[in-house]
Each structure stands twice: as C-alpha cells, then as structure tokens.
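Chains, contacts and geometry: an overview
What follows is the residue order along each chain.
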Amino acid sequence: MSKQSLTLIGLGPMGQAMVNTLLDNGHQVTVWNRTASKAEALVARGATLAASVEDALAANELIVLSLTDYDAVYAILEPVTSSLSGKVIVNLSSDTPEKAREAAKWAAKHGAKHLTGGVQVPPPLIGKPGSSTYYSGPRDVFDAHEETLKVLTNADFRGEDAGLAAMYYQAQMTIFWTTMLSFYQTLALGRANGVSAKELLPYATMMTQMMPHFLELYAQHVDDSEYPGDVDRLAMGAASIDHVLHTHKDAGVNTVLPAAVAEIFHAGMAKGFGENSFSSLIEVLKKPEA
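For clarity, every value in this text was computed on a predicted model and none was experimentally measured.

1. Quick notes on the pattern of salt bridges
One pass over the full model with this rule turns up ten salt bridges. One salt bridge connects glutamate 283 with lysine 286, and the closest N-O pair in it is separated by 3.0 Å. Judged by relative accessible area, which is 31%, lysine 286 ranks as partly exposed. Among the charged side chains, a salt-bridge network with shared partners connects Glu98, Arg101 and Asp161.

2. Some points on the sheet that holds strand β4 (residues 62–65)
Strand order in the open sheet made by the eight strands is β3-β2-β1-β4-β5-β6-β7-β8, with mixed pairing throughout. The open sheet has two edge strands with one neighbour each: β3 (48–49) and β8 (154–157). As paired strands, strand β7 (residues 132–136) and β8 are joined by four bridges and run parallel to one another. Along β8, the bridge assignment pairs threonine 133 with alanine 155. The sheet strands contacting helix α5 (residues 97–109) are β5 (88–91) and β6 (113–119), and the helix crosses β6 at an angle near 150°.

3. Some words on the packing of aromatic side chains
Counting across every chain of the model gives nine aromatic pairs. On the basis of an interplanar angle of 45° and a centroid distance of 5.7 Å, the ring pair of tyrosine 135 and phenylalanine 142 is categorised as tilted. In this structure tyrosine 135 comes out as buried when scored by relative accessible area, which is 0%. Summarising the aromatic geometry, the rings of phenylalanine 265 and phenylalanine 278 are spaced 5.9 Å apart at their centres and angled 15° between planes, so their arrangement reads as stacked. Residue phenylalanine 265 is found in helix α10 (residues 256–270), and its partner phenylalanine 278 is found in the loop between α10 and α11 (282–285); the two are separated by 13 residues along the sequence. For phenylalanine 265, a relative accessible area of 11% corresponds to the buried category.

4. Let's talk about the environment of serine 93
Locating serine 93 in the fold gives a position in the loop between β5 and α5. On a C-alpha basis, the gap between serine 93 and leucine 65 in space is 6.5 Å, while along the polypeptide they are 28 residues apart. Apart from residues no more than four positions distant in its own chain, serine 93 is found in contact with Leu65, Ser66, Leu67, Asp69, Tyr70, Val73 and Gly117. Reaching out from serine 93, the side chain makes a polar contact with the backbone nitrogen of leucine 67 at a distance of 3.2 Å. At 2.9 Å, the side chain of serine 93 forms a polar contact with the side chain of asparagine 91.

5. Quick look at the nonpolar core
Membership of the largest hydrophobic core comes to 31 residues, with the highest contact counts inside it found for Met18, Val19, Val29, Val90, Ile126 and Tyr135. Listed by contribution, the elements that provide at least two residues to this core are β1 (6–9), α1 (13–24), β2 (29–32), β4, β5, β6, α6 (139–152) and β8. Considering each element in turn, this core owes the most residues, six residues, to α1. The residues touching valine 29, leaving out its near neighbours within four places in the chain, are Leu6, Leu8, Val19, Leu22, Leu23, Ala47 and Thr48. Among the nonpolar cores identified, the runner-up in size contains 18 residues, and Val73, Ile89, Ala107 and Ala112 belong to it.

6. Some points on α5
Spanning 13 residues, α5 covers 19 Å between terminal C-alpha atoms, matching the ideal 18 Å at 1.5 Å per step. Among the residues of α5, Pro97, Ala100, Ala103, Ala104, Trp106 and Ala107 are the ones counted as buried. Looking at the buried side of α5, the elements it contacts are α4 (70–77), β5, β6 and α7 (164–192). Just downstream of α5 lies glycine 111, where phi reads positive at about 85°.

7. Some words on the packing of α7 against helix α8 (residues 197–224)
Two quantities define a packed helix pair, namely the angle between the helix axes and the distance between the axes. Relative to each other, α7 and α8 sit at 135°, their axes nearing to 10 Å. With respect to α8, the element α7 is oriented oblique. When the axes of α7 and α8 are compared, the crossing they make is right-handed. Taken together, the residues of α8 that come into contact with α7 (itself represented by Phe183, Thr186, Leu187 and Gly190) are Ala197, Leu200, Leu201 and Ala204.

8. What about the packing of α7 against helix α9 (residues 234–251)?
The interhelical angle for the contact between α7 and α9, taken along N-to-C directions, is 50°, at an axis separation of 9 Å. If you check the angle between α7 and α9, you find them oblique. For the pair α7 and α9, the sense of crossing is left-handed. Contact with α7, carried on its side by Gln185, Leu189 and Ala192, involves Thr247, His248 and Ala251 of α9 and no other residues of that element.

9. Regarding the pairing of β6
Counting buried positions over the seven residues of β6 gives six, a clear majority of the element. Bridging between β5 and β6 involves four bridges; their strand directions are parallel. Along β6, the bridge assignment pairs isoleucine 89 with histidine 114. The parallel pair β5 and β6 is bridged by α5, and the resulting crossover is right-handed.

Conventions used here
The numbers attached to residues start from 1 for each chain and follow its sequence in the written order. Residues qualify for local features only when their pLDDT is at least 70, as the model is predicted, and side-chain atom pairs are given and counted only at 80 or more; totals for whole chains, interfaces and linings, by contrast, use all residues. Calculation of side-chain values draws on the structure's entire complement of heavy atoms; hydrogens and water are dropped beforehand. Put simply, a salt bridge is a Lys or Arg side-chain nitrogen that is within 4 Å of an Asp or Glu carboxyl oxygen. The buried label goes to any residue with under 20% of its type's maximum accessible area, the exposed label to any with over 50%, and the partly exposed label to all in between, with areas taken from a 1.4 Å probe on protein chains only. In this analysis, strands are considered paired if DSSP registers two or more bridges between them. Helix and strand definitions here come from DSSP, where helices need a minimum of 4 consecutive H or I residues and strands a minimum of 2 consecutive E residues; each element is numbered from the N-terminal end. In this analysis, two residues are considered to be in contact whenever any of their non-hydrogen atoms come within 4.5 Å of each other. Where helices are involved, their axes are fitted lines through C-alpha atoms of the stretch in contact, as for all axes, and angles between N-to-C directions lie from 0 to 180°. Only the six-membered ring of Trp is used, alongside the rings of Phe and Tyr, when aromatic pairs are assigned; centres must lie within 6.5 Å, and planes under 30 degrees apart are stacked while those over 60 apart are edge-to-face, with the rest tilted. For the purposes of these results, a polar contact is taken to be a pair of N or O atoms within 3.5 Å, where, inside protein, one atom must be able to donate a hydrogen and its partner to accept one; residues adjacent in sequence count only when each atom of the pair is a side-chain atom. Among buried residues, those of type Ala, Val, Leu, Ile, Met, Phe, Trp, Tyr and Cys that are joined through side-chain atoms within 4.5 Å constitute a nonpolar core. Here a helix's expected span is defined as the number of its residues, less one, multiplied by 1.5 Å. Any angle between 65 and 115 degrees counts as roughly perpendicular, while under 35 counts as roughly parallel, over 145 as roughly antiparallel, and the rest as oblique. Two helices cross in a left-handed way if the nearer one is turned anticlockwise from the farther one by less than a right angle. They cross in a right-handed way if the turn is clockwise. Orienting the strands away from the viewer, one traces the path from the first strand over the helix to the second; a clockwise path indicates a right-handed crossover.

Shown next, in the form of structure tokens:
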C-alpha cells in the first residue's frame, strides 16, 4: 500500500498507540501534544514533533485528532482556524452525535473537511486483527483516506451524516457500560451470599453467550413495531424483576440499578403492555413521536 504522511494531535494512550502503529507500517507522522515530553519515545522511533499547533497543521493535509472530547478539540484548534483551510480532520475524539454534527459544520466554515470516528477498541488493540472504528461524513473523503485509516483498525463507514459514527460508538458504549454494571451488581449479590466472583464467572459467561438469540428476536420485534406475547409476557418479566429487586434488598446491597430496571418494566405495565412481549419496553424508552 502507498504510505501517506499525516499529523496526529493528542498523545494520550490511544494517540500513542496509533502513532506507533503508523510508524510500524512505514508512515511518516508529525505529532503535537500540549505536553511535549509525551512525544519523546515516538520521536526516537521516527515521528516528527511539531513545535506548535500551526506547524502540526501545516505539515500535512490529513489531521487525526485523538483527544478527550470535542471541547478539547476546540480549545486546540479555535486559536488556529486560519490554518485549517484544505485540511481533512479525522476526529477520533469521543463525544455526542450532535456535537459531531456541529464540529463538521464548524470545520466546513473554516475550509476543512471532517470525518467523525468512533474507535471500538482500547489502545492495546490498535493495529490488531478484529479491531474496528466507525466513520461517518463525506464518502469521498473517507474513500480517499480509507487505506491509511485501515492501518489503525478496520474502517466501518456508517454514512454521510457526521453524527452517525458517534451514535454507533455511544450505542456500543451503552451496551458495554450497562452490561458491565449488571455484572458488578451480580458480583455484589454473590459476595453478600458468600459466593466469590470466580465462582459466579462461568454462570455470568453462560448468560452472555445466550444473548445473541434474544437480540436477534427482539430486534425484529422493534423493527416491526410488533411485540407478540408468544414467547414471553411483560407481566411475567415485571414479576421477575421485582423478585430480583427484593433479592438485592434482602442481601443489603445497592439497589439503584435493579430499581431503575423495575421502574421501566412497571412503566410498560402502566401503558397496557402486560400481555405483550417485554420487547414492548421500547415504547417506554424511545423518543416520543411528534
């Protein structure tokens, strides 16, 4: 593949992993970070340290941002907007879909093109098989730089709406954080009953391995807006989650999470979905129709 020169701004763990991967693959990389000392090891490996943000932008057309959030993006780039014209900004900073859309408009106002990115893996998996990043924005811009971006991870283009990559990323994070929190809740219950995390682990793993079947079934319910009670009924689910909640109360562990779940189930009951599948809870959670 052809080697492309690029600039990467932001040398946290993710940024450093990206620069190392690019260098490993023969790319010329200019870097900039508020704390210049974070670039020392990368410079020793062949990266070029820019003396200023202006110099970093001037060095290359392709600018990759690996920053905490979009506020950090603006803090760094707002003072140097005159240097943005003609640049392609691949913004891998985490934030909301709406902020990504605003950033794309802001970049265009200053003559730059903006690709939103949502990296799906932690720094140690950058450059490794199976890693992936969501991208959204102008298709021609993505196509022009896809080969280089695939050095970092597989590149999953989600559409021209600048917010879609951020939406897919935050959707994945919704699953990750709530799943992990439910795991910790389970471990807290186990400890209160004298059962170790190691003892519970295979049973938690077994439950997660069953999930793809349910996800496929209930995704179809949601897309069809039909929630047949032929496999399960919300009334039974509401009774079950009440048992879960009372079990945690009896154990003396924190009940914020199961109480929140029970609240959603009972909201569905109040809407009259008791004889429907508990997939009907999407009607409680979704954005109200105008």
